[in-house]
Amino acid sequence: MTVIILSCRVPLRRNRTGFSRMINATPSVFDASLSRSGSTGIDSFVDRYAPDVEYTYYGAGKIALRDGLAGLVEPGGNVLVPAYLSPAVVEPFRDLGLEPRFYAVEETLAPDFADLEDRIDDDTVAITSVNYFGFPQPGLRRLASLADDHDCYHIDDNAHAPLSVADDRLLGTHGDLGIATLRKLLPVPDGAVLYRRDDEVREAFDPSSLAGTADRVAATDYRFVATSVAERVSPTLLRSIESVLDDGPDDSSSVDPEARYEAAKIPMSKFSARVAAAANPEAIRDARRENFRAWRDVLEARDDVRLLYEELSAGLSPYEFPVRADDQAALLDELADAGVAGAHTWPILRESVHENAAYETANRLANEIVVLPVHQGIEPAAIEAVGDRLRR
Ligand SMILES: Cc1ncc(COP(=O)(O)O)c(C=O)c1O
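Residues numbered from 1 in each chain as written. Predicted model: local features only at pLDDT ≥ 70, side-chain atom pairs only at ≥ 80, totals over all residues. Heavy atoms only, no water.

An unreviewed UniProt entry annotates the chain as dTDP-4-amino-4,6-dideoxygalactose transaminase originating from Natrinema salifodinae. Within the UniProt record for the chain, the comment given under Sequence similarities (unreviewed entry) is "Belongs to the DegT/DnrJ/EryC1 family." (UniProt positions renumbered as here; feature names shortened; annotations may be inferred.)

**What to know about the overall build of the chain**
For the chain, the count of helices and strands is 14 helices and 15 strands. Going through the 392 residues of the chain one by one, you find that 55% of them count as buried. In the chain, 73% of the contacts between residues at least 6 apart in sequence involve partners at least 24 apart. Surface exposure of the chain reaches about 17,100 Å², of which carbon and sulfur atoms provide 47%. (Helix = DSSP H or I, 4+ residues; strand = E, 2+ residues; numbered from the N terminus. Buried < 20%, exposed > 50% of the residue type's maximum accessible area, 1.4 Å probe, protein only. Contact = heavy atoms within 4.5 Å. Areas by Shrake-Rupley, 256 points an atom, 1.4 Å probe, with all protein chains shown as cover.)

**Quick notes on the site of the ligand**
Among the 14 residues in the neighbourhood of the ligand, the closest are listed as Gly61, Lys62, Asp157, Arg183 and Lys184. In the environment of the ligand, an oxygen atom lies 2.7 Å from a nitrogen or oxygen atom belonging to the backbone of Gly61. Separating an oxygen atom of the ligand from a side-chain N or O atom of Lys62 is a distance of 2.9 Å. Here the ligand, which alone exposes 390 Å², has 94% of that area covered by the protein. Of all the elements in the fold, those that place two or more residues in the shell around the ligand are α2 (61–70) and β10 (177–181). (Near = heavy atom within 4 Å. Polar contact = N/O pair within 3.5 Å; in protein donor to acceptor, adjacent residues only side chain to side chain.)

**Some details on the sheet that holds strand β14 (residues 344–345)**
The sheet built from 4 strands is open, its strands ordered β12-β13-β15-β14 with antiparallel pairing. Each end of this open sheet is capped by a strand with a single partner; those strands are β12 (305–307) and β14. Relative to strand β15 (residues 369–373), strand β13 (residues 320–325) runs antiparallel, the two being bridged by 5 bridges. Residue pairing in the sheet places Arg324 in a bridge with Ile369 of β15. Contacts from helix α11 (residues 281–299) reach β12, β13 and β15, with the element oriented near 25° to β13. (Pairing = 2+ DSSP bridges. Axes fitted to C-alpha atoms, helices over the stretch in contact; angles between N-to-C directions.)

**Overview of the packing of helix α1 (residues 41–49) against α11**
Where α1 meets α11, the closest approach of the two axes is 9 Å, and the angle between their N-to-C directions is 85°. Looking at the two axes, α1 sits roughly perpendicular to α11. On the side of α1, the interface is formed by Gly41, Ile42, Phe45, Arg48 and Tyr49, while α11 contributes Pro281, Glu282 and Arg285. Per-class residue counts for the contact of α1 with α11 are 4 nonpolar, 1 polar and 3 charged. (Parallel < 35°, antiparallel > 145°, perpendicular 65-115°, else oblique. Nonpolar A, V, L, I, M, F, W, Y, C, P; charged D, E, K, R; others polar.)

**A short note on the packing of α11 against helix α14 (residues 380–391)**
Running from amino to carboxyl end, α11 crosses α14 at an angle of 10°, the nearest separation of the two axes being 9 Å. When the axis of α11 is compared with that of α14, the two are roughly parallel. Crossing geometry of α11 relative to α14 is assigned as right-handed. Side by side, α11 and α14 meet where Glu290, Asn291, Ala294, Trp295, Val298 and Leu299 of the first sit next to Pro380, Ile383, Glu384, Val386, Gly387, Leu390 and Arg391 of the second. Of the residues in the contact of α11 with α14, the class split is 8 nonpolar, 2 polar and 3 charged. (Left-handed = near helix turned anticlockwise from the far one by under 90°.)

**Section: the environment of Ala214**
Looking at the secondary structure, you find Ala214 in the loop between α6 (199–204) and α7 (219–233). Beyond its immediate stretch of four places on either side in the chain, Ala214 contacts Pro267, Met268, Ser269 and Lys270.

**Overview of the nonpolar core**
Grouped together as the largest cluster of nonpolar side chains are 90 residues, with contacts concentrated most on Tyr84, Phe133, Trp295 and Leu299. Membership of the second largest hydrophobic core comes to 26 residues, among which are Ala50, Tyr57, Ala180 and Ile284. (Core = buried A, V, L, I, M, F, W, Y, C linked by side-chain atoms within 4.5 Å.)

**Describing a negative patch on the surface**
A contiguous patch of negative charge on the surface is contributed by Glu117, Asp118, Asp148, Asp149, Asp151, Asp199, Glu200 and Glu203. Breaking the negative patch down by element, the ones donating at least two residues are α4 (113–119), α5 (140–149) and α6. In terms of residue count, α6 provides more of the negative patch than any other element does, 3 residues in total. Here Glu203 lies in helix α6. (Patch = residues over 30% accessible without salt bridge, like charges linked within 9 Å, V, L, I, M, F, W, Y side chains within 5 Å. Salt bridge = Lys/Arg side-chain N within 4 Å of Asp/Glu carboxyl O. Lys, Arg positive; Asp, Glu negative; His and termini not counted. Charge placed at Lys NZ, Arg CZ, Asp CG, Glu CD.)

**Considerations on the sheet that holds strand β5 (residues 99–103)**
Adjacent strands of a sheet form backbone hydrogen bonds with each other and so pair up, either parallel or antiparallel. On the basis of which strands lie adjacent, the open sheet formed by 7 strands has the order β3-β11-β10-β7-β6-β4-β5 and mixed pairing. Each edge of the sheet is formed by a strand with only one pairing partner; in this case those strands are β3 (54–58) and β5. Sheet twist, expressed as the mean angle between neighbouring strand axes with direction ignored, is 20°. In the sheet, strand β4 (residues 78–82) pairs with strand β6 (residues 124–130) via 3 bridges, with the strands oriented parallel. Paired with Asn78 across the bridge in β6 is Thr124.

**With respect to the confidence of the model for the chain**
Mean pLDDT over the chain works out to 89, with 86% of the residues at or above the 70 mark. Across residues 1–17 the pLDDT falls below 50, and counting only partners more than four positions away or on other chains, this stretch makes 54 contacts in the model. Confidence drops under pLDDT 50 across residues 247–253; counting only partners more than four residues distant or on other chains, this segment forms 6 contacts. (pLDDT = per-residue confidence, 0-100.)

**Observations regarding the pattern of salt bridges**
According to the stated counting rule, one finds 25 salt bridges in the structure shown. Close ionic contact of Arg101 with Asp121 constitutes a salt bridge, the shortest N to O distance being 2.9 Å. Of this pair, Arg101 sits in strand β5 while Asp121 sits in the loop between α4 and β6; the two residues are 20 residues apart in sequence, bridging distant segments of the chain. In this structure Asp121 comes out as partly exposed when scored by relative accessible area, which is 31%. Two residues, Glu107 and Arg364, come together in a salt bridge whose shortest N-O distance is 2.3 Å.

**A word on the pairing of β5**
Burial runs high along β5: 4 of the 5 residues are buried. Sheet analysis places β4 next to β5, joined by 5 bridges and oriented parallel. Its bridge partner lying in β5, Val79 is registered against Pro100.

Put into structure tokens, the structure is as follows:
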């Protein structure tokens, strides 16, 4: 299969109906994910920044996590995860007969270490850190040594930013095992990586049939490309293609955690593998960093919005630009009116966390945070143009 990705980062232009190019949440197959010269692929980036790690591709990070842990744990144990998290992320633990235990987080998204330590017991098999939005979770080192002290595995969940490097090491590879999600970085329908750093984790790894990449082009590949094309060409065409292709089970808009988990049980598609092999990680990271700084310039002076991250350290590849808004819905409306279709809230909290007083900060953050897209398909000039419209 030949993957052709057109390189065009198109700034916003007005037409009769508003903006001919809205800023969408994710890059499309038309966006610059490749460069003809200097493309190095995801593999070479991992080899460079995590040379001591073994890794395997999967369709989804959740399934990668299940496979990574399967040979290490027995049903009846528990895994600690931050409360500020999408609901389906804990499904692999449940699949393995483990109890997911949520720990509280601070306003900085660091673990509330007192709460975390209180929840650890003799049955705790792993502690998960999450590198939110492409930034190392504050307290990452302390969490790693806590996992060591309690003789449990440290899972470094780096779903958000496969290209972020901190302390000269790829995020996702700071623990005993970890994951990254390529779907959040590239214009692909699926794709994730399981990293195995610890010797015990490597030895126990027994990949399921879902490990690796598909050897044939599947209907989901065609579906993804068709909807990407239609999205670019016309909303009416997009709606009709979606209605023809809508086959229910892999509907990623489903919020039922179990259904999402079951739908993720696919290997990485051939299309995703080709895009990952052809991607230019340095160019993608540079573009995302530039867009992050463009949003910072646009939003830092507003007094109804607080930036979650003021600084963007060298090496980080932001997933999105998160802010805390006084009025989340009003900010989303304002952004949509200014041409930003891809801003959204994050995450929908798991039922046991939602409105639970033990997780007050996670709930507050979920009610305040708005994330803005910074992907490589956006021109910084398009963000500056949004800034001009917001100021008017
Ligand atoms: C923090 C975090 N971890 C893990 C995952 C799961 O990744 P995947 O969708 O590749 O299974 C997600 C997905 O949204 C996530 O946000």
